[in-house]
Amino acid sequence: MVESLFFLLLLQLLGEAIVRFLALPIPGAVLGMLLLWLWLVASLPTPKKLEPLVRGILDYLTLLFIPAAVGIIEQKQRIVSDGWWLLLVLVFSTLAGIVAAAWVMRRLEKHDTYETPPGTENAQ
């Protein structure tokens, strides 16, 4: 378990170092998660107890939303003054994300080469 935690923290530290060294405009933890994803996709060796550790962390994931909620409460005055702009940006970005996902799905469907096995056309 300690080895798994060290592995995750090492990737986060590496992400933080890369962000600071290259002055990237993203959080180091996000880059660390991207590095973890790349590590797992590449099927490189991982600590044996990584999955139980991650499942344990996910069990308490909701606790990580508390600092965000406190930050929102601290910014109440700004939210009140710029609330309509924030709402407009949230709605627009959500709609843009939905449209982009639909466009990508349509493009992928055109290139889909999967053939339905015989006799399963109407089976649902």
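Every value quoted in this text rests on a predicted model; they were computed, and no experiment measured them.

Colleague: Explain the layout of surface pockets here, please?
Modeller: Its boundaries defined by the atoms lining it, the largest pocket holds a volume of some 440 Å³. Considering the residues around the largest pocket, the lining is formed by 13 residues, among which Leu8, Ala29, Met33, Leu36 and Ile57 are closest to the centre. The set of elements that each furnish at least two residues to the lining of the largest pocket consists of α1 (2–22), α2 (28–41) and α3 (50–59).

Colleague: Help me understand unusual backbone geometry, please; the structure alone is not making it clear to me.
Modeller: For residues that are not glycine, phi is negative in most cases, and the peptide bond is trans in most cases. Phi angles above zero are rare outside glycine, and Ala23 is one such case at about 55 degrees. If you trace the backbone, Ala23 turns up in the loop between α1 and α2. When its relative accessible area of 62% is taken as the criterion, Ala23 is described as exposed. In this structure, Ser43 is a non-glycine residue whose phi angle is positive, near 55 degrees. The class of Ser43 is exposed, set by a relative accessible area of 63%.

Thresholds, definitions, all that
Residues numbered from 1 in each chain as written. Predicted model: local features only at pLDDT ≥ 70, side-chain atom pairs only at ≥ 80, totals over all residues. Heavy atoms only, no water. 1 Å grid on protein atoms, 1.4 Å probe; cavity = no way out; pocket = protein on both sides within 12 Å on 5 of 7 lines; lining within 4 Å. Points joined across faces, edges and corners; volume = space filled by probe spheres on them. Helix = DSSP H or I, 4+ residues; strand = E, 2+ residues; numbered from the N terminus. Buried < 20%, exposed > 50% of the residue type's maximum accessible area, 1.4 Å probe, protein only.

Nothing here speaks to function; it is all geometry.
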